[in-house]
Amino acid sequence: ALRRFAPAAAREAAAASSHREAYSLYRIALAQRARLPREERAELLEGCSVEAYLCGRATEAVDARREALAIWTAMERPDRAGVAQRWLSRLHWWAGDRERAERAAEEAVRLLEARDPDHELAMAYSNLAQLHMLAERDDAAVEWGERAIAHGRALGDAEVLTHATSNVGVIRLRRQGDTAMLEEAFAIASEARM
């Protein structure tokens, strides 16, 4: 019953923005994780990681994402491992560990560049741009951000465009007082109802 109902309940709670409830339900679902197929276990761990992040539980978010990464790596799934690394980058930065955040971001790009350009690669580029922007390494931030923007435009991907355009927009604001890119990011996000 737990295997059948807890994951569905966790996803429903997450969709309703009831993140503490979703986190609790993912934890219940994962109590029997040793019995789950690896892919199902990794997906539950990813969901748990996101909900832990949204509840302010940094350690739990990182631990769940690391466990999912280990599964994807063992399954030889560089696509999913790359996504896990990008998330780890975000989580490490949020938890105050810039060095680990940057290493995970670079590893995400390395893993995802082996594939055709897609949403995940573009987000990995934008994530790296954001880390550079936050560290005030403006030239590197613009370089990675422009890569992400180019992929986002080619894919018609509003999430990538919003994220990457915001990163480069902060640099333009900081350097020139120019708000045009930030306004563009806001318009893209608004149109996509993000």
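Each remark here, short or long, concerns the structure printed above.
This is a predicted model, so every value here is computed, not measured.

(A) The overall build of the chain, seen in detail. Counting secondary structure elements, the chain contains ten helices and zero strands. Along the chain, helices (α) and strands (β) appear in the sequence α-α-α-α-α-α-α-α-α-α when read from the amino end. Taking 16 Å as the expected radius of gyration for a compact globule of 194 residues, we find that the chain reaches 18 Å, a close match to that expectation. The principal-axis extents of the C-alpha atoms in the chain amount to approximately 55 × 35 × 30 Å. Burial analysis of the chain (194 residues in total) assigns 45% to the buried set. The contacts of the chain with a sequence gap of at least 6 include a subset with a gap of at least 24, amounting to 53%.

(B) Spotlight on unusual backbone geometry. Its identity as a non-glycine residue notwithstanding, glutamate 76 has a phi of 55°, on the positive side. Mapped onto the elements of the fold, glutamate 76 is located in the loop between helix 4 (58-74) and helix 5 (78-94). Of note in this structure, glutamate 136 is not a glycine but carries a positive phi near 60°. You can see glutamate 136 is positioned in the loop between helix 7 (119-134) and helix 8 (138-155).

(C) Up close: the pattern of salt bridges. Evaluated as defined, the whole model comprises 19 salt bridges. Between glutamate 43 and arginine 80 there is a salt bridge whose closest N-O contact spans 3.6 Å. Placement of the pair is glutamate 43 in helix 3 (residues 38-54) and arginine 80 in helix 5, with a sequence separation of 37 residues. Where aspartate 138 meets arginine 174, a salt bridge forms, and the shortest distance between an N and an O atom there is 2.7 Å. Taken as a pair, aspartate 138 in helix 8 and arginine 174 in helix 9 (residues 158-176) lie far apart in primary sequence, 36 residues in all. Since its relative accessible area comes to 36%, arginine 174 is described here as partly exposed.

(D) Quick peek at the packing of helix 4 against helix 5. Contact geometry for helix 4 and helix 5: axes closest at 9 Å, N-to-C directions at 160°. In terms of orientation, helix 4 and helix 5 fall into the roughly antiparallel class. As for the relative orientation of helix 4 and helix 5, their crossing is left-handed in sense. Residue-level contacts link Ala58, Ala61, Val62, Arg65, Arg66, Leu69, Trp72 and Thr73 of helix 4 to Arg80, Ala81, Ala84, Gln85, Trp87, Leu88, Leu91, His92 and Trp94 of helix 5. Here the residues of the contact of helix 4 with helix 5 sort into eleven nonpolar, three polar and three charged.

(E) Fine view of the nonpolar core. With 32 residues, the main nonpolar core has Leu44, Leu45 and Leu91 as its most contacted residues. No other element matches the seven residues that helix 4 contributes to this core. With residues near it in sequence (within four places) discarded, leucine 45 still touches Leu30, Ala64, Glu67, Ala68 and Ile71. Ranked by size, the runner-up nonpolar core spans 26 residues in total, among them Leu112, Met123, Ala129 and Leu161.

(F) Structural view of the packing of aromatic side chains. Within this structure, the stated rule accounts for three aromatic pairs. Ring geometry for tyrosine 53 versus tryptophan 94: centroids 4.9 Å apart, planes at 80°, classification edge-to-face. Pair noted here: tyrosine 53 is in helix 3 and tryptophan 94 is in helix 5, with a separation of 41 residues, a long-range link. With a relative accessible area of 32%, tryptophan 94 lands in the partly exposed category. Judged by centre distance (5.4 Å) and plane angle (45°), the ring pair of tyrosine 125 and tryptophan 144 falls under tilted.

Rules of the game
- Residues numbered from 1 in each chain as written.
- Predicted model: local features only at pLDDT ≥ 70, side-chain atom pairs only at ≥ 80, totals over all residues.
- Heavy atoms only, no water.
- Helix = DSSP H or I, 4+ residues; strand = E, 2+ residues; numbered from the N terminus.
- Rg over C-alpha atoms; globule rule 2.2 N^0.38 Å.
- Buried < 20%, exposed > 50% of the residue type's maximum accessible area, 1.4 Å probe, protein only.
- Contact = heavy atoms within 4.5 Å.
- Salt bridge = Lys/Arg side-chain N within 4 Å of Asp/Glu carboxyl O.
- Axes fitted to C-alpha atoms, helices over the stretch in contact; angles between N-to-C directions.
- Parallel < 35°, antiparallel > 145°, perpendicular 65-115°, else oblique.
- Left-handed = near helix turned anticlockwise from the far one by under 90°.
- Nonpolar A, V, L, I, M, F, W, Y, C, P; charged D, E, K, R; others polar.
- Core = buried A, V, L, I, M, F, W, Y, C linked by side-chain atoms within 4.5 Å.
- Phe/Tyr/Trp six-rings, centres within 6.5 Å; stacked < 30°, edge-to-face > 60°.

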